[in-house]
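# Residue-level structural notes
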Amino acid sequence: MKFFAFLIVFGCFLGTASAQTDHPALPKLGKNDTIKTYLTVLDGEMVPWIVMPDVIISATRIFKSEADRRAFSMLKYNVRKVIPYAHFAGERYRQLQRDLALTGDKKKQKQLIENCNTQVKDMFKKEVMNLTINQGEILIKLINRETDLTTYDVVKELKGGFNAFIFQSAAKLFGHNLKQTYDFSEQRDIEAILQEAGYDSYRN
């Protein structure tokens, strides 16, 4: 039906072009025959445009060996495992900053920080404690990617320098460094996995 409607509209246009005095009525279109969209002026003409979601184009990954393929699969599993925790930490930290900005009451601010700490601790006890060493290292990097702060800086801001030092000392026992940052150029494999998982949408 849409094709026939197009032919009718096109025929009306030809009739108008051949006889300027004729103004035939356009056919009545059904609710499914039209698309509402934005228009922009391009070279004097009205051009419709539609906002489409980003499309990520990536090449098929070719591995040098089976060991490389297994290593990447394990990395992919670990990254996907900690994405929800990094997302929660980033969202909770940004929410805390917004809440703190809305009040100048020191007592209220302290309570907001304590509430945030309680939620993060609950998540840590229930979920994060079960992460492997490699997963913990990736989580530290992703928290930096989420907040633009190192995990050490986040702890220092919320709990003070002494507690940050204690947390850093404990982390080093497991081979971690809370001051570790996320380098986009060095973490190309992790970044590719995040892009595939739509991780940027979390930040936006």
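See above for the structure.
None of the values given here were measured: they were computed from a predicted structure.

Structurally, Thr-147 can be placed in helix H4 (residues 133–147). Polar contacts involving the side chain of Thr-147 include one to the main-chain carbonyl oxygen of Ile-143, which spans 2.8 Å. Filtering out sequence-adjacent residues up to four positions away, Thr-147 remains in contact with Gly-90, Tyr-93 and Val-154.

Take the pattern of salt bridges next. Oppositely charged side chains are able to pair whenever their charged atoms sit close together. In this structure the tally under the stated criterion is eight salt bridges. A salt bridge links Arg-80 to Glu-196, with the nearest nitrogen and oxygen atoms 3.9 Å apart. One end of the pair, Arg-80, is in helix H2 (residues 66–101); the other, Glu-196, is in helix H7 (residues 188–196), with 116 residues separating them in the sequence. One network of salt bridges, with partners in common, ties together Glu-66, Arg-69 and Arg-70.

Position of Lys-141 relative to the elements: it lies in helix H4. The exposure class of Lys-141 is buried, given its relative accessible area of 10%. Aside from chain neighbours lying at most four places away, what touches Lys-141 is Gln-180, Thr-181, Tyr-182 and Gln-187.

What follows concerns the pairing of strand S2 (residues 45–49). Of all the five residues making up S2, zero are buried; the element is thus mostly uncovered. Bridge analysis of strand S1 (residues 38–42) against S2 gives five bridges, and the strand direction is antiparallel. Bridged to Leu-42 within S2 is Glu-45. Taken together, S1 and the strand that follows it, S2, pair antiparallel across an intervening segment of two residues, in which Asp-43 is found at a positive phi of about 55°.

Looking now at the packing of helix H5 (residues 151–159) against helix H6 (residues 161–173). H6 packs onto H5 with a crossing angle of 145° between their chain directions and a minimal axis gap of 7 Å. The two elements H5 and H6 meet at a crossing, and its hand is right-handed. Of the residues in H6, those touching H5 at Tyr-152, Val-155, Lys-156 and Lys-159 are Gly-161, Asn-163, Ala-164, Phe-165, Phe-167 and Gln-168. Residues of the contact of H5 with H6, tallied by class, amount to five nonpolar, three polar and two charged.

Interhelical geometry of H2 versus H4 gives an angle of 40° and a closest axis separation of 8 Å. Classified by the angle between their axes, H2 and H4 sit oblique to one another. Considering the relative orientation of H2 and H4, their crossing is right-handed.

We now examine H5. Turn by turn, an α-helix covers 3.6 residues, leaving residues three or four places apart pointing in a common direction. Three or more residues of H5 are buried, namely Thr-151, Tyr-152, Val-154, Val-155 and Leu-158. The buried residues of H5 occupy an angular sector of 160° when projected down its axis, which confines them to one face. Count one or two residues on from H5 and you reach Gly-160, which has phi positive near 95°.

Conventions used here
- Residues numbered from 1 in each chain as written.
- Predicted model: local features only at pLDDT ≥ 70, side-chain atom pairs only at ≥ 80, totals over all residues.
- Heavy atoms only, no water.
- Helix = DSSP H or I, 4+ residues; strand = E, 2+ residues; numbered from the N terminus.
- Polar contact = N/O pair within 3.5 Å; in protein donor to acceptor, adjacent residues only side chain to side chain.
- Contact = heavy atoms within 4.5 Å.
- Salt bridge = Lys/Arg side-chain N within 4 Å of Asp/Glu carboxyl O.
- Buried < 20%, exposed > 50% of the residue type's maximum accessible area, 1.4 Å probe, protein only.
- Pairing = 2+ DSSP bridges.
- Axes fitted to C-alpha atoms, helices over the stretch in contact; angles between N-to-C directions.
- Left-handed = near helix turned anticlockwise from the far one by under 90°.
- Nonpolar A, V, L, I, M, F, W, Y, C, P; charged D, E, K, R; others polar.
- Parallel < 35°, antiparallel > 145°, perpendicular 65-115°, else oblique.
- Arc of directions from axis to C-beta.

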